[in-house]
Amino acid sequence: MILKLSIHPKPLVEEALLRRPREVLELEDLRLWRDYYFELPAQPAADALERLRSALEDARVETVVVGQPLAEHAVQVAYLRGIVDNENDSLVTLCRLVGVAATAARVATTYTSASPELAERVRGRLLNPSIEELHLAEPGYTRLRPVGEAHEPARYDLRELDDAGLAAVGREGGRNLALAQMHALRHIQRELDLAFLTDVLLEAADSRWSDHCMHTTWLSLGNLLGRLRSASANTGNENIVSMFEDNAGVWRFYDGWSLAIKAETHNGPSAVSAYFGQLTKIGGVLRDILGTGLGADPIGVFEYTATGLPTERAPDPERPSPTQIAVDTIRAVKEYGNTFGVPMMSSHMTFNTNYRAKPFALGGSVGLIPTERAGRRRPEPGDLLVLIGGLTGNDGIHGASASSTGSVMDHASVQIGSPLEQVKFRQAILDLRDADCLRALTDLGGAGLNSGVGELGDPGGVWLNTALVPLKTSSLPTWVILLSESQERMILAVPRERIEAARAILDRHFVRNTVVGRFTGDGRYTVVHAPETTQDDIVAGAHRELAGDPSTGFSVPYELLSYRPPQITVSPVAAPPGQASAWPRLTASSPAQTLTAILTDPEVASQRWASSQYDSTVQGHTFYGPTAGRMHVATSWWAGAPLPGTPRTVVLATAFNPWLFEIDPVLATRQMFLSLLGKLVLAGVAREDICLCDNFYTPDREADGFGWLVAMVEELGRLVEAFGTPLVSGKDSSAGSVLTAEGLVSVPPAVFLSAVGKLADHALLRRNEWREPGNVLVRIGPDTSSPAGTVAARALGFAAAPRLDAVAPEGYLDYLRALAGAGPAIVSGRPIGPGGVLACLALGAIASDLAVELDPTTAGIQELLHEHRCGAIVEVPERLLGSLPPALAPRPVARLLDGPGSLQLARQELLEPAALAGWAQAWEASLA
Amino acid sequence: MSVRVNILYSPGTNCQHETAYAFRRVGAEPRILALSDLLAGRARLQDADIVCLPGGFAFGDHSGAGNVAAWYLRTQLQAQLQAIKAMPTICICNGFQIAARAGIFGAVSLATNGSGTFHNEPLQAHRVVQENQSFWLAGLRGETLRFPCAHGEGRFVFDDRSGWSPALLYPDGENPDGSSEGIAGVTTPDGLMLGLMNHPERAPHSPRVQELFANGVRAVR
């Protein structure tokens with residue numbers, strides 16, 4: 001039977017819970033409550049029911065009602081019936097503790113209002129149809145655990161099919177196998193002399209050879225990754241511990257420890273459900289860190305999201321709007337990062353119309369690992385294949401291959417994240433590592449078991465029995481089990497003699513664990529569905545006799561699974577030569593009005609509404625960033641000291657500006673690269689102590705898209721070699737074009753760069769905030785004075801010719817050397833970014849709570865709008881002005897006075913209350 | 001004499017290491033006890049000089065912040081719950097929520113913040129109540145301590161004043177969650193147990209804040 005209990009908040013709490021929904025639905029009389037459903041074998045006794053009611057109720061703030069059906073003027077939002085609720089396990093546990101024998105549970109939310117538009121508004125503004133359903137009447141559940149489905153693997157004989165037949169099979173059922181890949185599959189069938197191939201193999205190949213797993217676009221363009229790898233290797237930097245070979249790059253830290261760094265994107269899923277897409281991007285990248293070497297511990301997380309303008313709708317009406325994506329992003333990032341217990345290092349959201357069809361959803365993390373445990377590890381024959389974490393369901397099917405195509409995205413491609421599962425195995429993995437229970441491990445993300453197991457078993461060989469995989473549903477087809485992207489799962493290679501110790505550790509942490517196969521040494525990737533083979537059989541080594549019928553899956557030598565995509569010859573694209581455009585004469589507004597316009601631009605305005613919801617202090621080692629000052633101004637870098645009791649410091653910064661990539665992707669790449677190095681060197685990090693992570697996000701259906709990509713990779717490779725700063729990790733997403741109802745919408749060819757540096761002592765860290773009245777503020781660094789792509793052009797509404805400044809790398813190397821040698825002459829420094837010198841000075845004044853008096857020789861407000869992105873405004877004691885090296889190109893621009901925070905030009909206050917209020921509130925207001 | 005501190009680690013707890021470090025810095029010997037160890041009889045919370053329920057999201061805060069962990073204490077670990085009520089105990093953030101749901105501080109609740117969402121403030125101000133004589137607050141009374149606030153359900157509400165005494169207050173205008181009367185932390189009437197939503201363990205470079213932990217250690221040494 002199904003039992004329903006509704007938790008009604010009392011007014012004090014209800015007001016808080018209703019704040020956002022009332023805004024979104026524009027219904028003043030809106031009420032809401034949560035409904036819990038429990039599946040029970042029989043009606044519980046009255047006293048047991050009362051215990052459960054009491055256990056769910058916090059009597060001071062809520063009232064529990066038993067068996068309240070959905071009434072008139074009420075609608076209920078619930079997960080689709082095929083989705084298993086994240087709260088299921090905890091709710092079943094709670095029932096057990098109070099003596100109620102529940103077998104499954106789920107949660108829903110009911111909204112009531114007298115408005116006849118209630119259902120329509122909830123459906124249009126709150127409901128995500130890809131994962132949720134709207135009930136206008138009591139749903140009448142008869143069971144809560146999804147039934148699932150099961151069928152025998154489909155069989156295909158490819159041997160005699162022509163290209164048309166092969167292509168049809170390749171596209172059947174949502175697969176994205178290209179004709180060349182179907183040729184490779186036909187070759188496998190012929191080589192192995194098989195009567196047929198199963199859909200299990202076709203699906204496995206589809207994901208294995210997808211862009212997500214194999215980087216086929218990059219490979220087809222001439223091994224672009226190889227170019228970046230070789231450039232990084234050519235730096236000869238001795239801090240590199242592991243580079244492009246593991247789930248994260250590893251960078252030598254201090255005292256026997258190293259740092260793992262990784263960033264990845266969930267653009268496709270976030271376009272369908274921003275909440276779950278962004279939730280799983282954070283979860284996924286944290287799992288990458290956990291799966292590095294023999295297990296690294298995340299010490300921080302960072303995130304960046306670009307979506308369309310808040311005033312826009314999604315081009316496809318089925319997709320969430322940019323505003324919904326923004327709001328759901330904040331909720332998701334908050335829920336995953338905070339629950340996992342990892343401090344937010346940096347977060348930022350950009351509104352740019354090119355991301356209205358498919359957002360840029362990037363998540364990154366830094367982890368800590370003993371150096372001796374770093375480096376990619378390989379299982380040995382006989383090691384047990386242990387699946388840990390969450391259950392496997394039918395969520396995220398075709399996620400890897402669909403996210404690789406960009407134009408097609410079925411709703412099942414969304415994964416459902418559950419942070420609790422991952423928190424549980426986080427500490428368990430570290431304990432397994434330290435107890436020598438691991439030979440290797442990896443996370444399960446895109447393409448699920450197929451990717452994780454298939455890669456870990458390559459080339460030695462692995463045997464997987466999908467019948468042992470614990471499911472969310474009663475049953476699932478083999479290929480779905482293999483490809484499911486259900487989250488919060490990892491695969492371990494455990495030496496057989498350590499399996500009992502491993503199980504004890506996992507059980508201690510409440511981590512579900514199952515032996516699902518073995519590493520074989522036969523060089524084959526084997527997947528079977530053999531219900532008769534038990535975990536004990538595998539542990540005992542008897543699986544050879546109970547191996548199951550390969551026709552339930554496949555058994556293919558790894559060498560036959562190698563695939564090289566057809567090569568595409570593309571020449572690098574370059575922007576047409578031309579002069580950078582001049583600035584128009586800005587006469588329409590006063591300097592104070594101009595500053596207000598700049599400070600209220602979404603790129604400059606405070607994003608405190610979002611950042612205040614992200615835990616920045618958990619783990620207790622953050623000592624700088626991600627905001628500073630009474631007004632919580634975003635800092636240009638983050639710093640933490642993750643080794644307890646030592647001053648050893650990690651510094652992180654990022655760089656991305658889509659407006660520049662729209663104009664000239666190559667020069668934008670250069671400006672971002674240089675600005676990033678400039679930030680960390682200004683922070684006090686030595687250039688050779690900096691490593692980078694790249695995340696390319698490029699269009700696949702634009703005429704010059706691939707040409708720009710090749711040119712950007714070439715540029716980045718040259719810069720890495722010229723500056724000796726290696727990339728240690730990276731990811732490419734080459735599906736940035738979406739065919740929508742309004743036509744093709746593409747993101748610009750772009751690369752997001754993240755940098756991690758190390759400092760031996762946190763006392764060496766420079767901060768952004770000005771410190772001493774009387775000191776002089778000096779602009780340093782090269783000019784990038786083109787108005788193209790600037791906040792000023794957008795905020796003040798003028799057009800600029802699309803030309804970017806070409807900063808000379810050689811000169812910038814001299815600049816960095818001079819900056820590194822400046823020592824105490826530079827007290828603090830704030831890099832110049834969006835909004836130019838003017839925004840930099842204003843934000844510095846706000847963050848420091850000091851007055852800034854602009855140099856009286858300042859010609860006018862206009863020159864302060866220049867975005868000299870590779871430079872900075874630094875604070876210098878007047879007596880040391882002369883000691884600044886010429887290579888810094890120092891130009892005094894202002895002087896610090898006693899506070900409070902203000903910005904004055906010729907005795908006129910520019911930072912008026914309206915400007916300050918606009919800066920503080922504009923961003924949140926844009927999402928209202 | 002070494003001072004032993006037992007720190008409860010439930011599935012979803014995520015502040016156990018920095019909390020252990022905070023105790024270690026003031027000379028204690030912290031030990032992290034998994035809930036599974038308690039359930040299996042391999043360890044007991046009360047086998048120490050001080051007990052700590054640290055922060056996190058035990059059982060994902062499903063069915064209410066701290067609720068499932070609290071019901072473990074109220075049912076399968078009832079004897080241990082009774083035992084620690086007679087011991088110096090500090091309950092931080094989720095640990096405070098667990099303690100509240102377990103009835104340690106009487107008829108109080110920690111409800112959803114007035115803003116309706118999580119609030120992060122690295123330098124949250126707390127005024128130490130002058131009148132509270134708990135050893136946890138020794139030498140700190142009347143001071144304003146700044147340490148991180150990071151919670152979504154910390155709004156202190158109460159039915160009556162039995163079972164608790166105010167220990168920390170938010171200064172006027174700096175109440176991050178809408179707590180009644182600005183209450184940021186409480187002790188049991190006997191002063192043995194301290195509960196607070198915010199995180200003194202995350203301020204290792206603030207000697208005054210670390211006095212909260214040192215006070216606990218001094219009291220049992």
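The rules we used
- Per chain, residue numbering runs from 1 following the sequence as it is written.
- Working convention: letters from A go to chains and numbers from 1 go to ligands, in the order in which they are written.
- Where local features are concerned, this predicted model is filtered to residues with pLDDT of at least 70; where side-chain atom pairs are given and counted, the filter is 80 or more; whole-chain, interface and lining totals use all residues.
- Helix and strand definitions follow DSSP, with helices as H or I runs of at least four residues and strands as E runs of at least two, each counted in order from the N terminus.
- The globule rule is 2.2 Å times the number of residues to the power 0.38, and the radius of gyration it is compared with is taken over C-alpha atoms.
- Counting other C-beta atoms within 10 Å of each residue's C-beta, where C-beta atoms are placed from the backbone, gives the exposure class: buried for 20 or more, exposed for 12 or fewer, partly exposed between.
- Whether two residues are in contact is decided by their C-beta atoms, placed from the backbone, lying within 7 Å.
- DSSP bridges decide pairing: two strands pair if at least two such bridges lie between them.
- In this analysis, axes come from line fits to C-alpha atoms, helices being fitted only over the stretch in contact, and the angle between any two N-to-C directions falls in the range 0 to 180 degrees.
- Gly counts as polar in this scheme, as do all residues outside two lists: the nonpolar Ala, Val, Leu, Ile, Met, Phe, Trp, Tyr, Cys and Pro, and the charged Asp, Glu, Lys and Arg.
- A set of buried Ala, Val, Leu, Ile, Met, Phe, Trp, Tyr and Cys residues, joined through C-beta atoms within 7 Å, is what we mean by a nonpolar core.
- The pLDDT value expresses, per residue, how confident the predictor is, ranging between 0 and 100.
- In this scheme, roughly parallel covers angles under 35 degrees and roughly antiparallel covers those over 145, while 65 to 115 is roughly perpendicular and the rest are oblique.
- Crossing handedness follows the turn of the near helix against the far one: under a right angle anticlockwise gives a left-handed crossing, and clockwise gives a right-handed one.

**A word on the overall build of chain A**
Looking only at helices and strands, chain A has 28 helices and 38 strands in total. On C-alpha atoms alone, chain A measures out to a radius of gyration of 28 Å, which is about the 30 Å that the 2.2 N^0.38 rule sets for 928 residues. With the C-alpha coordinates of chain A rotated into their principal frame, the extents come out at 85 × 65 × 55 Å. The burial tally for chain A puts 59% of its 928 residues in the buried class. Across chain A, every contact between residues at least 6 apart in sequence was considered, and the portion connecting residues at least 24 apart equals 83%.

**Some details on the overall build of chain B**
Across its full length, chain B carries 6 helices and 11 strands. For 221 residues, the compact-globule estimate of 2.2 N^0.38 gives 17 Å, and the C-alpha radius of gyration of chain B, at 16 Å, lies within 12% of that figure. Classification of the 221 residues of chain B by burial places 63% in the buried group. Contacts in chain B between residues far apart in sequence, at least 24 positions, make up 76% of those at least 6 positions apart.

**Some thoughts on the sheet that holds strand S18 (residues 489-494) of chain A**
Within a beta sheet, neighbouring strands are joined by backbone hydrogen bonds and run either parallel or antiparallel to one another. All names here are of chain A. One open sheet holds the 7 strands; their spatial order is S16-S18-S15-S19-S17-S20-S21, and the pairing between them is mixed. Two strands in the sheet have a free side with no partner beyond their single neighbour: strand S16 (440-444) and strand S21 (554-557). Averaged over neighbouring strand pairs, the angle between their axes works out to 20° when direction is ignored. Summarising the sheet, strand S17 (residues 462-465) and strand S19 (residues 513-519) pair through 3 bridges and their orientation is antiparallel. Along S19, the bridge assignment pairs Val 462 with Phe 519.

**Here we look at the interface of chain B and chain A**
Across the contact, 42 residues belong to chain B and 41 residues belong to chain A. Looking at the side of chain B that touches chain A, the elements that each hand over two or more residues are helix H1 (16-25), helix H2 (35-39), helix H3 (67-74), strand S5 (108-111), strand S6 (119-128) and strand S7 (144-151) of chain B. The residue makeup of the side of chain B that touches chain A, split by class, is 17 nonpolar, 20 polar and 5 charged.

**So, helix H16 (residues 448-456) of chain A**
Counting buried positions along H16(A) yields 8 of 9 residues, so the element is predominantly enclosed. Regarding H16(A), the residues found buried are Gly448(A), Leu449(A), Asn450(A), Ser451(A), Gly452(A), Val453(A), Gly454(A) and Leu456(A).

**Overview of the pairing of strand S9 (residues 165-169) of chain B**
Residues and elements named next belong to chain B. The sheet contact formed by S6 and S9 spans 2 bridges and is antiparallel. Of the residues in S9, the one forming a bridge with Arg 127 is Leu 169. Both S9 and strand S10 (residues 183-187) contribute to a ladder of 4 bridges, which runs antiparallel. Counterpart to Ser 165 in the pairing with S10 is Thr 187.

**Some words on the nonpolar core**
All names here are of chain A. Counting 341 residues, the largest nonpolar core has Leu 385, Leu 652, Leu 680, Leu 841 and Ala 842 as the members making the most contacts within it. Here this core takes 12 residues from helix H23 (residues 665-683), the largest share from any one element. For Leu 385, the contacting residues outside a window of four places in its chain are Val 453, Val 462, Leu 464, Ile 491, Ala 493, Val 515, Val 516, Gly 517, Arg 518 and Phe 519. Leu 18, Ala 74, Tyr 111 and Leu 118 belong to the second-largest nonpolar core, a separate cluster that totals 9 residues.

**Here's the deal with the environment of Phe623(A)**
All names here are of chain A. Note on placement: Phe 623 falls in strand S22 (residues 622-624). For Phe 623, a count of 17 C-beta atoms within 10 Å corresponds to the partly exposed category. Note: C-alpha distance between Phe 623 and Ala 641 (18 residues apart in sequence) is 7.3 Å. Apart from the residues lying within four places of it in its own chain, the contact partners of Phe 623 are Ala 639, Gly 640, Ala 641 and His 762.

**Points about the confidence of the model for chain A**
On average, residues of chain A score 93 in pLDDT, and 97% of them are at 70 or above. Across residues 399-413 of chain A the pLDDT falls below 50, and counting only partners more than four positions away or on other chains, this stretch makes 56 contacts in the model.

**Thoughts on the packing of helix H7 (residues 199-208) of chain A against H16(A)**
Two quantities define a packed helix pair, namely the angle between the helix axes and the distance between the axes. Residue and element names in this part refer to chain A. Orientation of H7 relative to H16, taken along the N-to-C sense of each, is 75°, at an axis distance of 10 Å. Relative to H16, the element H7 lies roughly perpendicular. Counting all contacts with H7, which are made through Ala 204, Ser 207 and Arg 208, the residues of H16 involved are Asn 450, Ser 451 and Gly 454. The class makeup of the residues in the contact of H7 with H16 is 1 nonpolar, 4 polar and 1 charged.

**Looking at the confidence of the model for chain B**
Summarising the model, chain B shows a mean pLDDT of 97, and 100% of its residues fall at 70 or more. Interface confidence for the predicted complex, given as ipTM, is 0.98, next to a pTM of 0.95.

**Description of the sheet that holds strand S11 (residues 193-196) of chain B**
All names here are of chain B. Across the sheet, 9 strands lie side by side as S2-S1-S3-S4-S11-S10-S9-S6-S7; this open sheet has mixed pairing. Edge positions in the sheet fall to strand S2 (28-34) and S7, since each of these pairs with one other strand and no more. Strand-to-strand twist in this sheet, taken as the mean axis angle between neighbours without regard to direction, amounts to 25°. Looking at chain direction, strand S1 (residues 3-9) and strand S3 (residues 50-53) are connected through 3 bridges and run parallel. Bridging from a neighbouring strand, Ile 7 pairs with Cys 52 of S3. Sheet strands touched by H1: S1, S2, S3 and strand S4 (89-92). Its angle to S2, the strand with the most contacts, is close to 160°.

**Quick look at the environment of Pro824(A)**
All names here are of chain A. Relative to the elements of secondary structure, Pro 824 occurs in the loop between helix H26 (809-820) and strand S33 (828-831). With 9 C-beta atoms packed within 10 Å, Pro 824 lands in the exposed category. Between the alpha carbons of Pro 824 and Ser 636 there is a distance of 20 Å; along the sequence they are 188 residues apart.

**Quick look at helix H3 (residues 88-97) of chain A**
Within an α-helix, residues lying three or four positions from one another point in the same direction, as the helix has 3.6 residues per turn. Along H3(A), the residues classified as buried are Asn88(A), Asp89(A), Ser90(A), Leu91(A), Leu94(A) and Cys95(A). Packing partners of the buried residues in H3(A) comprise strand S2 (31-39), helix H2 (46-56) and strand S5 (104-112) of chain A together with H3 of chain B. The positive-phi residue at the C-terminal boundary of H3(A) is Gly99(A), with phi of around 85°.

**Thoughts on the pairing of strand S11 (residues 257-265) of chain A**
Where a strand is regular, its side chains alternate between the two sheet faces. Residue and element names in this part refer to chain A. Of all the 9 residues making up S11, 8 are buried; the element is thus mostly covered by neighbouring parts of the structure. In terms of strand pairing, strand S10 (residues 249-252) meets S11 through 4 bridges, oriented antiparallel. Bridging across to S11, Arg 252 finds its partner in Ser 258. Relative to strand S14 (residues 360-370), S11 runs antiparallel, the two sharing 9 bridges. For Leu 259, the partnering residue across the bridge sits in S14 and is Leu 368.

**What about the packing of H23(A) against H26(A)?**
Residue and element names in this part refer to chain A. It is at 9 Å that the axes of H23 and H26 come closest, and there the two elements cross at 10°. In terms of orientation, H23 and H26 fall into the roughly parallel class. Here the hand of the crossing between H23 and H26 comes out right-handed. Contact residues: Leu 674, Leu 677, Gly 678, Val 681 and Leu 682 in H23; Tyr 812, Leu 816, Leu 819 and Ala 820 in H26. Of the residues in the contact of H23 with H26, the class split is 8 nonpolar, 1 polar and no charged.

**Section: unusual backbone geometry**
Pro459(A) follows Asp458(A) through a cis peptide bond whose omega is 10°. The amide bond that connects Gly899(A) to the next residue, Pro900(A), takes the cis arrangement and shows omega of 5°. Position of Pro900(A) relative to the elements: it lies in the loop between strand S36 (891-897) and strand S37 (902-905). Even without glycine at this site, Ala889(A) takes up a positive phi of about 50°. Here Ala889(A) is to be found in the loop between strand S35 (872-876) and S36. Positive phi values are uncommon outside glycine, yet Ser63(B) reaches one of about 70°. Here Ser63(B) lies in the loop between S3 and H3.

**Quick notes on the environment of Pro200(B)**
All names here are of chain B. Within the secondary structure, Pro 200 sits in the loop between S11 and helix H6 (207-220). Owing to 26 C-beta atoms within 10 Å, Pro 200 belongs among the buried residues under this scheme. When the C-alpha positions of Pro 200 and Asp 190 are compared, they lie 22 Å apart, and in sequence the two are 10 residues distant. When residues no more than four places from it in sequence are discounted, the contact partners of Pro 200 are Phe 147, Val 209 and Leu 212.

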